[in-house]
Amino acid sequence: MKCHTSLSIDKQYIYAKFTGPVDVPSMLECILVSHQLARQAGITRHLIDLTEARNYLSTLDNYQFAYRDMNHPDIDRRGRVAVLVSPNDHSHDFFETLLRNSGRDVTLFTSRADAERHLGE
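In this report, we go over the structure that sits alongside the text. Computed from a predicted model, the values in this text were never measured in an experiment.

### Topic: the state of the cysteines
For step 1, the next point in the chain: Counted by the stated rule, this structure contains one disulfide.
For step 2, the next point in the chain: Covalently, Cys-3 is tied to Cys-30 through a disulfide, its sulfur atoms 1.7 Å apart. With Cys-3 in strand E1 (residues 2-7) and Cys-30 in helix H1 (residues 24-41), this pair connects stretches of sequence that are 27 residues apart.

### Details of unusual backbone geometry
For step 1, the next point in the chain: A positive phi angle, near 60 degrees, is found at Lys-11, a position not held by glycine.
For step 2, the next point in the chain: Secondary-structure assignment places Lys-11 in the loop between E1 and strand E2 (14-19).

### Comments concerning the pairing of strand E4 (residues 80-84)
For step 1, the next point in the chain: With five of five residues buried, E4 is to be regarded as a mostly interior element.
For step 2, the next point in the chain: Burial along E4 is two-sided: Arg-80, Ala-82 and Leu-84 facing one way and Val-81 and Val-83 facing the other are all buried.
For step 3, the next point in the chain: In this structure, strand E3 (residues 45-52) lies alongside E4, joined through five bridges in parallel fashion. The partner of Arg-45 across the bridge, within E4, is Arg-80.

### Remarks on the pattern of salt bridges
For step 1, the next point in the chain: Counted under the stated rule, the structure contains 10 salt bridges.
For step 2, the next point in the chain: Two residues, Arg-68 and Asp-69, come together in a salt bridge whose shortest N-O distance is 3.1 Å.
For step 3, the next point in the chain: On the accessibility criterion, Asp-69 (13% relative accessible area) is buried.
For step 4, the next point in the chain: Its salt-bridge partner being Glu-96, residue Arg-100 comes within 3.4 Å of it at the nearest N-O pair. Of this pair, Arg-100 and Glu-96 both sit in helix H3 (residues 93-101), separated by four residues, roughly a single helical turn.
For step 5, the next point in the chain: Here the salt bridges do not stand alone but share partners, grouping Lys-17, Asp-49 and Glu-52 into one network.

### So, empty space enclosed by the protein
For step 1, the next point in the chain: A full pass over the atoms with the stated rule returns two cavities of 30 Å³ or more.
For step 2, the next point in the chain: For the largest cavity, the calculated volume is near 310 Å³.
For step 3, the next point in the chain: Elements with a minimum of two residues in the lining of the largest cavity: H1, E3, helix H2 (59-67), E4, H3 and strand E5 (105-109).
For step 4, the next point in the chain: When residues in the lining of the largest cavity are grouped by element, the largest group, four residues, is from H1.
For step 5, the next point in the chain: Taken together, the residues that form the lining of the largest cavity break down as 16 nonpolar, seven polar and four charged.
For step 6, the next point in the chain: Looking at the second largest cavity, its volume works out to about 30 Å³.
For step 7, the next point in the chain: Sort the elements by how many residues they give to the lining of the second largest cavity and H1 lands first, with three residues.

Reading the values: the criteria
Residues numbered from 1 in each chain as written. Predicted model: local features only at pLDDT ≥ 70, side-chain atom pairs only at ≥ 80, totals over all residues. Heavy atoms only, no water. Disulfide = S-S within 2.5 Å. Helix = DSSP H or I, 4+ residues; strand = E, 2+ residues; numbered from the N terminus. Buried < 20%, exposed > 50% of the residue type's maximum accessible area, 1.4 Å probe, protein only. Pairing = 2+ DSSP bridges. Salt bridge = Lys/Arg side-chain N within 4 Å of Asp/Glu carboxyl O. 1 Å grid on protein atoms, 1.4 Å probe; cavity = no way out; pocket = protein on both sides within 12 Å on 5 of 7 lines; lining within 4 Å. Points joined across faces, edges and corners; volume = space filled by probe spheres on them. Nonpolar A, V, L, I, M, F, W, Y, C, P; charged D, E, K, R; others polar.

Here it is in structure tokens:
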């Protein structure tokens, strides 16, 4: 899995683009980088683009990632996260449910415009 992170042009959110099959070490590393950039910019909004990344993780791996790995002290729990997915890709649905159940503000979108609007609210 590869990841590229950057500050949005309007400096309102961190954009992270993932490509390839989801794996926990790469995903966690990129999320940590994204949160570091967000702290430096003084923002708490994130747009995660998974349109080219599918989640093949097991139920247990998804659960551990949501409840163990995402509780890393460098990940801001106050962050609002919009996750952009391909229209027919439901491989991230369970992970969204786990994150929401753990108290995270995470929502899946199939439209970038809708995701950006959500981050602006």
